[in-house]
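Structural overview for review
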Amino acid sequence: MSERLAVDGGRPIREKTLPYGRQTIEQEDIDAVVDVLRSDWLTTGPAVDRFEQAFAAATHSRHAVAVSSGTAALHAAVFAAGVGPGDEVIVPPMTFAATANAVLFQGGTPVFADVDPDTLLLDPARVAARISKRTRAIIAVDYAGQPCAYDELRQVSGNRGIVLIADACHSLGGADSGRPVGTLADLSTFSFHPVKHVTTGEGGMVTTADPELAAKMRAFRNHGITSDHRQREARGSWYYEMVALGYNYRLTDIGSALGAAQLRRLPKWVERRRSIAAAFDRAFSSMPAVDALARRASAAHAYHLYVVRLNHTRLKVDRAGVFAALRAEGIGVNVHYIPVHLHPYYRSTFGTAPGLCPVAEAAYEEIVSLPMFAAMTDRDVQDVIDAVAKVTAAYAA
Ligand SMILES: *Cc1c(COP(=O)(O)O)cnc(C)c1O
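Let's talk about empty space enclosed by the protein
Tallied over the full model, the rule gives four cavities of 30 Å³ or more. In this model, the largest cavity occupies a volume close to 80 Å³. Along the lines of polarity and charge, the residues of the lining of the largest cavity split into eight nonpolar, three polar and one charged. Size it by volume and the second largest cavity reaches roughly 60 Å³. If you trace the second largest cavity, you find it lined by Arg22, Gln23, Thr24, Lys196, His197, Val198, Thr199, Gln262, Trp269, Arg273 and Ala374. Each residue belonging to the lining of the second largest cavity can be placed in one class, and the counts come to three nonpolar, five polar and three charged.

Comments concerning the sheet that holds strand S7 (residues 179-180)
With respect to topology, three strands assemble into an open sheet ordered S7-S6-S11, the strand pairing being antiparallel. Since the sheet does not close on itself, it has two edges, and those belong to S7 and strand S11 (299-300), each with one partner.

A word on the environment of Ala374
On the secondary structure map, Ala374 appears in the loop between strand S13 (367-370) and helix H14 (378-394). As for Ala374 and Arg274, which are separated by 100 residues in sequence, their C-alpha atoms are 9.2 Å apart. Leaving out residues up to four positions away in the same chain, Ala374 has contacts with Trp269, Arg272 and Arg273.

Considerations on the sheet that holds strand S12 (residues 306-310)
Remark on secondary structure: sheet strands pair via backbone hydrogen bonds, oriented parallel or antiparallel. With respect to topology, three strands assemble into an open sheet ordered S10-S12-S13, the strand pairing being antiparallel. Both outer strands of the open sheet, strand S10 (290-292) and S13, are each paired with one neighbouring strand and no more. With strand direction ignored, the average angle separating the axes of adjacent strands in the sheet is 40°. Direction of pairing for S10 relative to S12: antiparallel, over a ladder of three bridges. Directly across from Asp291, in S12, lies its bridge partner Arg309.

Describing the side chain of Arg221
Relative to the helices and strands, Arg221 resides in the loop between helix H7 (211-220) and helix H8 (229-235). Within the local environment of Arg221, its side chain forms a polar contact with the backbone oxygen of Ala66, the two atoms lying 2.7 Å apart. Once residues lying within four places of it in the same chain are set aside, the contact partners of Arg221 are Val48, Glu52, Val65, Ala66, Val67, Tyr247, Asn248, Tyr249 and Arg250.

Digging into the site of the ligand
Looking at the ligand, there are 14 residues lining it, with Gly70, Thr71, His170, Ser191 and Lys196 nearest. Here the ligand, which alone exposes 380 Å², has 91% of that area covered by the protein. Take the shell around the ligand: its biggest share by element is three residues, from helix H3 (residues 70-80). Residues belonging to the shell around the ligand are distributed by class as follows: four nonpolar, eight polar and two charged.

Section: helix H10 (residues 266-284)
An α-helix turns once every 3.6 residues. As a result, residues three or four positions apart point the same way. For H10, which comprises 19 residues, the first-to-last C-alpha distance of 27 Å matches the rise-based estimate of 27 Å (1.5 Å per residue) to within 8%. Along H10, the positions that sit buried rather than exposed are Leu266, Trp269, Val270, Arg273, Ile276, Ala277, Ala279, Phe280, Ala283 and Phe284. Buried residues along H10 sit against helix H9 (253-263), S10, S12, S13 and H14.

Looking at the packing of H3 against helix H4 (residues 98-105)
With their axes 9 Å apart at the nearest point, H3 and H4 run at an angle of 45° to one another. Here H3 is positioned oblique relative to H4, judged by the angle of their axes. You can see that H3 and H4 cross each other, and the crossing is right-handed. Mapping the contact onto sequence places Thr71, Leu74, His75 and Val78 in H3 and Ala98, Thr99, Ala102, Val103 and Phe105 in H4. Tallied by class, residues from the contact of H3 with H4 come to six nonpolar, three polar and no charged.

So, the pattern of salt bridges
Per the stated rule, a full pass over the model turns up 20 salt bridges. Here Arg296 makes a salt bridge to Asp176, at a shortest N to O gap of 3.3 Å. A residue pair is termed long-range when its members are at least 10 positions apart, and Arg296 in the loop between S10 and S11 and Asp176 in strand S6 (residues 175-176) qualify at 120 residues. Exposure class is identical for Arg296 and Asp176. Each is buried. Asp386 is paired through a salt bridge with Arg379; the nearest N and O atoms lie 3.7 Å apart. What emerges from the salt-bridge pattern is a single network uniting Arg14, Arg379, Asp380, Asp383 and Asp386.

Procedures and definitions
- Residues numbered from 1 in each chain as written.
- Predicted model: local features only at pLDDT ≥ 70, side-chain atom pairs only at ≥ 80, totals over all residues.
- Heavy atoms only, no water.
- 1 Å grid on protein atoms, 1.4 Å probe; cavity = no way out; pocket = protein on both sides within 12 Å on 5 of 7 lines; lining within 4 Å.
- Points joined across faces, edges and corners; volume = space filled by probe spheres on them.
- Nonpolar A, V, L, I, M, F, W, Y, C, P; charged D, E, K, R; others polar.
- Pairing = 2+ DSSP bridges.
- Helix = DSSP H or I, 4+ residues; strand = E, 2+ residues; numbered from the N terminus.
- Contact = heavy atoms within 4.5 Å.
- Axes fitted to C-alpha atoms, helices over the stretch in contact; angles between N-to-C directions.
- Polar contact = N/O pair within 3.5 Å; in protein donor to acceptor, adjacent residues only side chain to side chain.
- Near = heavy atom within 4 Å.
- Areas by Shrake-Rupley, 256 points an atom, 1.4 Å probe, with all protein chains shown as cover.
- Expected span 1.5 Å × (residues − 1).
- Buried < 20%, exposed > 50% of the residue type's maximum accessible area, 1.4 Å probe, protein only.
- Parallel < 35°, antiparallel > 145°, perpendicular 65-115°, else oblique.
- Left-handed = near helix turned anticlockwise from the far one by under 90°.
- Salt bridge = Lys/Arg side-chain N within 4 Å of Asp/Glu carboxyl O.

This is the structure:
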């Protein structure tokens, strides 16, 4: 006899819902922000430079350009890659809409290439089939926190001048073959939204080894102007030039100070995420209704998300049923992602439809993101495991 589910009026595993992701804010974060509030600069001041330098050091990358969100980071990267009207950019469907939207911001055309069925990462063979004379860039998404097969993506893009962009919003702190995320692509983009590894409230970063691309993005985040007001003040000059169409995508000093304080604990937090993932792996290996996603042998996973796939042959209900039951147990599950090409905007603008990326579409019906964040206690981890065991047992086919 299985236990009565909370969704059927039984007692929930948790009274207060455990979210799927959450920031960690400690005294040193608060102190860093308060120091900036008492300083001369609230934005475009020295805290931005310090955060960029610390981020470049943490990711072993040469240049880091801070911006106001992960979406702004993607937009800056697409701009730096030179994408414009008539250009195609290959993107996976299994991502947040911002990945593909960034291509549209510059007038480019996103071309969806399907993902690998085991890892849900952009599949190099399917990318190869979508490359055309118009392909200007590829944006690979390190889904859930696992770096993509960048070496293979480079091989398929060949010597055609195709820019490789990593949407690394999930994978800060990860690596592939010992090389840190941030150095694996021509441009790598990060988000500091509170559910990500490190937060600035809202914020983002782009890393690159190319000083010209970095300079382009520094102007892009400041209206396309080649100097900022501190540089002009230092020169005693009012003169500036706007050389490209840019935006106000600046990150504040308040956010930068928070980000720099957070970054110091990144290694510890990634370790914690990995140990939570290991506990989930152990527990789910004996539950036939749930499967963890496959891992690439050379990848060091950063676990922004822990995604399980439901094995529908072992369950009497669909994903919506499992999702509702876990939520009723107080487990804040989520779904990442609705394939981007299935959103009404994409369907009506580009005529995309089911059948375009069958692997992502099939995976979408089976995936559930479980709570995963560094501040989870061992009790929280056990609650998630107990809830998954309870729900899958009650619905076992
Ligand atoms: C979070 C995220 C973004 C957008 O970042 P924001 O900071 O919210 O703008 C883009 N791509 C992926 C894969 C993300 O997870």
